[in-house]
Amino acid sequence: MRLAIISLSSCLGCQMVFLSLEDYLLSLMSENSVSFAPFIVDQKKLTEVDIVLVEGTVRNGEDFRKAKEAREKAEQLIALGTCACHGGVQGLANMFSEKKLMRRRFGDGASFEGAPQGVMRLYPLDSYVRVDAYLPGCPTPRELLKSFLEFALSGTLPSRQGASVCAECQVSGIPLPQPGPRRTTDAIPVAGKCLLEQGYICMGPLTRDGCGAKCPSELGVPCSGCRGPSDAVLMYPTQDPKLESVRRLVRATERNARDVLGAISDPAHTFYKYCLAEPILRRRRPAGTSPYLYRLGEREER
Ligand code: SF4
Ligand code: SF4
Ligand code: SF4
């Protein structure tokens, strides 16, 4: 197989996960041809490949050109990371105009002459080019990427409907009501108990599974939603991340919705941190998202 990895506008975190595959990466490179990967292959131009992993979002014309080129030269195009799949944290830029963003970053006196022109609004990668498979995560979990590559390089892209992080979470219930809504800076959560039921803002019920519920199960902190929205959130308008989270927090704390919302100072960063570029657009598509969404253990289940 011929493989390539390219970055659009991104923090390069997902590409770092690819590099961190270490021994597997060496065996992958000995059995397959990695023709374009900026950190490991000294190759200036993308050539024709079987699989290209695309990280990041389209933020300017150069990103768009690169995304189109990747689509033209690859048999299969994989959206790598939540930025490519759903807009990710970069989608939060949709709250501001480009002018305001530049001034926030570089200050009032800065000159923007000759700067590349940005997009008016950020969208997921599949708004620009056809995507064959999605591998969300910020960054994509290492084991998940490795397992996905093993599968994809054997010639088939896995397919599966996604569940939520709660389906993988290893915590138990707690008597209600509890104080909240609260964050881990307000009080230390009780280990092994559901964080949402303790009144913490946990996005697990609305987030795609596949990470093994690492944050609530292993680290004892709420899920912030980095794997992006679950299928239910992407496809059903009633599953809005803010409305659904508030509804669940109302149940856990027995406070009314107005009080719960009033206690959350930044709803956009809290409920749409990884998917602000996503919801309205996706719900307009009758077919919803692609069936190709992968989680660890897929191979065994088939
Ligand atoms: S998904 Fe997260 S880790 Fe990956 S490029 Fe985007 S911001 Fe970076
Ligand atoms: S801690 Fe979060 S992810 Fe785990 S079951 Fe509770 S709501 Fe779901
Ligand atoms: S638990 Fe949530 S925030 Fe943590 S890795 Fe999984 S999806 Fe990301």
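All values derive from a computational prediction rather than experimental measurement.

A word on the overall build of the protein
At step 1: On a plain count of helices and strands, the protein comes out with 13 helices and five strands.
At step 2: The globule rule puts the C-alpha radius of gyration for 302 residues at 19 Å, and the 20 Å found for the protein is close to it.
At step 3: Overall, the protein is about 60 × 55 × 35 Å in size when its C-alpha atoms are taken along their principal axes.
At step 4: Counting all 302 residues of the protein, 41% fall into the buried class.

So, unusual backbone geometry
At step 1: Looking along the chain, the bond that leaves Cys138 and enters Pro139 is cis, with omega of -5°.
At step 2: Its location among the elements puts Pro139 in the loop between β5 (133-135) and α6 (142-153).
At step 3: At the junction of Gly180 and Pro181, the peptide bond is cis and its omega measures out at 0° in the coordinates.
At step 4: Tracing the backbone shows Pro181 in the loop between α6 and α7 (214-219).
At step 5: The phi dihedral of Ala213 is positive, around 50°, even though this residue is not glycine.

Focus: the site of ligand 1
At step 1: In the vicinity of ligand 1 lie 13 residues, with Gly13, Gly81, Cys83, Cys138 and Pro139 positioned nearest.
At step 2: Only α1 (13-19) and α4 (82-86) provide two or more residues apiece to the shell around ligand 1.
At step 3: Of the residues in the shell around ligand 1, the class split is six nonpolar, six polar and one charged.

Some thoughts on the site of ligand 3
At step 1: Lining the immediate environment of ligand 3, one finds Val165, Thr207, Cys211, Ala213, Lys214, Cys215, Cys223, Ser224, Gly225, Cys226 and Arg227.
At step 2: Among the residues making up the shell around ligand 3, the classes are represented as six nonpolar, three polar and two charged.

Quick look at the nonpolar core
At step 1: With 36 residues, the main nonpolar core has Ala4, Val52, Val54, Ile78, Ala79, Leu80 and Leu135 as its most contacted residues.
At step 2: The set of elements that each furnish at least two residues to this core consists of β1 (2-7), α1, β3 (49-55), α3 (61-73), β4 (74-80), α4, β5 and α6.
At step 3: Residues in contact with Val54, not counting those within four places in the same chain, are Ile6, Leu8, Ala67, Ala70, Leu77, Ile78, Ala79, Leu80, Ala84 and Leu125.

Section: the domain arrangement of the protein
By a widespread convention, an interface's size corresponds to the accessible area lost as its parts come together.
At step 1: Per the domain assignment, the segments of the protein are domain 1 (2-157) and domain 2 (165-283).
At step 2: Spacing between the C-alpha centres of domain 1 and domain 2 amounts to 27 Å.
At step 3: Across the boundary between the two partners, domain 1 contributes 19 residues, which contact 16 residues of domain 2.
At step 4: A total of three residues in the side of domain 1 that touches domain 2 trace back to one element, the largest contributor, which is α4.

Brief notes about helix α5 (residues 98-106)
At step 1: Burial analysis of α5 places just zero of its nine residues in the buried class, a small minority of the element.
At step 2: A positive backbone phi angle near 90° is found at Gly107, which sits one or two residues after α5.

Examining the environment of Cys83
At step 1: For Cys83, the location among the structural elements is in helix α4.
At step 2: We classify Cys83 as buried; it has 34 C-beta atoms within 10 Å.
At step 3: Along the sequence, Cys83 and Val58 sit 25 residues apart, while their C-alpha atoms lie 9.4 Å from each other.
At step 4: Other than its neighbours up to four places away in sequence, Cys83 contacts Ser10, Glu55, Gly56, Thr57, Gly88 and Gln90.

Here's the deal with the sheet that holds strand β2 (residues 33-36)
Paired through their backbone hydrogen bonds, the strands of a sheet run either parallel or antiparallel.
At step 1: In space, the five strands of this open sheet follow the order β2-β1-β3-β4-β5, with parallel pairing throughout. Looking at the sheet topology across the chains shown, the edges are occupied by β2 and β5. Direction aside, the axes of adjacent strands within the sheet are offset by 25° on average.

Looking at the environment of Leu153
At step 1: With respect to the secondary-structure elements, Leu153 resides in helix α6.
At step 2: Looking at Leu153, the number of C-beta atoms within 10 Å reads 15, which means it is partly exposed.
At step 3: It is 40 Å that separates the C-alpha atoms of Leu153 and Leu243, two residues lying 90 residues apart in sequence.
At step 4: Excluding its chain neighbours within four sequence positions, the residues that come into contact with Leu153 are Met1 and Asn32.

Cut-off values and rules
Residues numbered from 1 in each chain as written. Chains lettered and ligands numbered in written order. Predicted model: local features only at pLDDT ≥ 70, side-chain atom pairs only at ≥ 80, totals over all residues. Helix = DSSP H or I, 4+ residues; strand = E, 2+ residues; numbered from the N terminus. Rg over C-alpha atoms; globule rule 2.2 N^0.38 Å. Buried ≥ 20, exposed ≤ 12 C-beta atoms within 10 Å, placed from the backbone. Near = placed C-beta within 6 Å. Nonpolar A, V, L, I, M, F, W, Y, C, P; charged D, E, K, R; others polar. Core = buried A, V, L, I, M, F, W, Y, C linked by C-beta atoms within 7 Å. Contact = placed C-beta atoms within 7 Å. Domains from an automatic or database assignment. Pairing = 2+ DSSP bridges. Axes fitted to C-alpha atoms, helices over the stretch in contact; angles between N-to-C directions.

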